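# Secondary and tertiary structure notes
Each chain, written out:
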Amino acid sequence: MRVLVVEDEQLLADAVATGLRREAMAVDVVYDGAAALERIGVNDYDVVVLDRDLPVVHGDDVCRRIVELGMPTRVLMLTASGDVSDRVEGLELGADDYLPKPFAFSELTARVRALGRRTTVALPPVLERAGIKLDPNRREVFRDEVEIQLAPKEFAVLEVLMRSEGAVVSAEQLLEKAWDENTDPFTNVVRVTVMTLRRKLGEPPVIVTVPGSGYRI
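Residues numbered from 1 in each chain as written. Predicted model: local features only at pLDDT ≥ 70, side-chain atom pairs only at ≥ 80, totals over all residues. Heavy atoms only, no water.

### Overview of the packing of aromatic side chains
- Tallied over the full model, the rule gives 0 aromatic pairs.
- In this arrangement the basic side chain of R139 is found over the ring face of F155, its NZ or CZ atom lying 5.1 Å from the centre. (Phe/Tyr/Trp six-rings, centres within 6.5 Å; stacked < 30°, edge-to-face > 60°. Lys NZ or Arg CZ within 6 Å of the ring centre and 35° of its normal.)

Structure below.
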């Protein structure tokens, strides 16, 4: 899942991004509304965690722009105000969910994951394919009932492949969904991660390489 965090309190923004990355999400961070609009115009995000009171371009205008573009991106709006009227106003702008500050990080993570599921065809909470069970919420992976420990990027790649339900996923798509914008697209990071993931998942291999196209399970 790829997430954009838009928050002008840099310490909070960076802390949220670090926490979401530990949950195997690819996260970009910006600190004002203009930068958010720029990123949205370049990258495809599953979820935007959007502070409402932003400098340069207000968060309301960023939300309106996402709605106007008809993007599948879901918006989780943050604000220091917890008044019901503010929550209603934020939702009427087109936000999909609303979370007042201060918030528990566990709740933020759960809301981001719930919104991320709404950007794609509805799938069960626990993904199962080829003897693999993947629970995104618990960050657990089992093969034939044996738990497998994965690094965050390995988990993210496996989740993308599992969600594709047998369709081929290109290296570019994996890079887009599992890594943030600071990753060099010309590195072999996807190939190396898939190789490590294959080894950890064991025999017989479940990740198939489709020459010239990508990978599938």
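### Quick notes on the sheet that holds strand β5 (residues 97-100)
- Taken in spatial order, the 5 strands make up an open sheet running β2-β1-β3-β4-β5, and their pairing is parallel. Strand pairing shows two members of the sheet lacking a second neighbour, β2 (26-30) and β5, which therefore form its edges. On average, each strand axis in the sheet is inclined to that of its neighbour by 20°, with strand direction left out of account.
- As judged from the 4 bridges shared by strand β1 (residues 2-6) and strand β3 (residues 47-51), these two strands associate in the parallel manner. (Pairing = 2+ DSSP bridges. Helix = DSSP H or I, 4+ residues; strand = E, 2+ residues; numbered from the N terminus. Axes fitted to C-alpha atoms, helices over the stretch in contact; angles between N-to-C directions.)

### Points about the sheet that holds strand β8 (residues 140-143)
- Pairing is antiparallel across the open sheet formed by 4 strands, whose spatial order is β6-β7-β8-β9. Each edge of the sheet is formed by a strand with only one pairing partner; in this case those strands are β6 (127-129) and β9 (146-147).
- Sheet topology note: the β8/β9 ladder contains 2 bridges and is antiparallel. The residue of β9 that forms the bridge with R143 is V146.
- On the sheet, helix α6 (residues 152-163) packs against β6, β7 (132-135) and β8 and is oriented at approximately 110° with respect to β7. (Contact = heavy atoms within 4.5 Å.)

### Regarding the domain arrangement of the protein
- Once the domains are mapped, the protein shows domain 1 (1-115) and domain 2 (125-214).
- Counting residues at the interface gives 16 residues for domain 1, matched by 14 residues for domain 2.
- Approximately 1,200 Å² of surface area, both sides summed, lies buried where domain 1 meets domain 2, with 36% of it carried by carbon and sulfur atoms.
- Counting the surface domain 1 buries against domain 2, the share from its top three residues, R2, A24 and R113, is 41%.
- Across the domain 1-domain 2 interface, the total number found is 3 salt bridges.
- The closest approach of N and O atoms between E176 and R2, which form a salt bridge, is 3.2 Å.
- Where domain 1 touches domain 2, the interface holds 5 residue pairs in polar contact (both at pLDDT 80 or more).
- Secondary-structure elements contributing two or more residues to the side of domain 1 that touches domain 2 are α1 (10-22) and β2. (Domains from an automatic or database assignment. Buried area = accessible area lost by both parts, 1.4 Å probe. Salt bridge = Lys/Arg side-chain N within 4 Å of Asp/Glu carboxyl O. Polar contact = N/O pair within 3.5 Å; in protein donor to acceptor, adjacent residues only side chain to side chain.)

### A closer look at the packing of α6 against helix α8 (residues 189-201)
- At a minimum axis separation of 10 Å, α6 and α8 run at an interaxial angle of 85°. The pairing of α6 with α8 is recorded here as roughly perpendicular in orientation. Judged by residue contacts, K153, E154, V157 and L158 of α6 engage T193, V194, T196, L197, K200 and L201 from α8.
- Residues that form the contact of α6 with α8 fall into these classes: 5 nonpolar, 2 polar and 3 charged. (Parallel < 35°, antiparallel > 145°, perpendicular 65-115°, else oblique. Nonpolar A, V, L, I, M, F, W, Y, C, P; charged D, E, K, R; others polar.)

### Some remarks on the pattern of salt bridges
- Evaluation of the coordinates by the stated rule reveals 17 salt bridges.
- Close ionic contact of R111 with E107 constitutes a salt bridge, the shortest N to O distance being 2.8 Å. A residue pair is termed a helical-turn pair when its members lie 3 or 4 positions apart in one helix, as R111 and E107 do in helix α5 (residues 105-117) at 4 residues.
- Here the residues in one salt-bridge network are E7, E9, D51 and K101, joined through shared partners.

### Re the side chain of R2
- Note on placement: R2 falls in strand β1.
- When near neighbours in sequence (up to four residues on either side) are disregarded, R2 contacts A26, D28, N43, D44, Y45, D46, V47, E176, K177, W179, D180 and E181.

### Points about the nonpolar core
- Counting residues in hydrophobic clusters, the biggest one holds 27 residues, and the most contacted among them are V141, V157, L158, L161, L174, L201 and I207.
- The set of elements that each furnish at least two residues to this core consists of β7, α6, α7 (171-178) and α8.
- Counting residues per element, this core draws most heavily on α6, at 7 residues.
- Once you skip the residues sitting within four places of it in the chain, L158 turns out to touch I132, L134, V141, L150, L197, L201 and I217.
- Core analysis: the next-biggest nonpolar cluster, separate from the first, contains 19 residues, A13, L78, L108 and V112 among them. (Core = buried A, V, L, I, M, F, W, Y, C linked by side-chain atoms within 4.5 Å. Buried < 20%, exposed > 50% of the residue type's maximum accessible area, 1.4 Å probe, protein only.)

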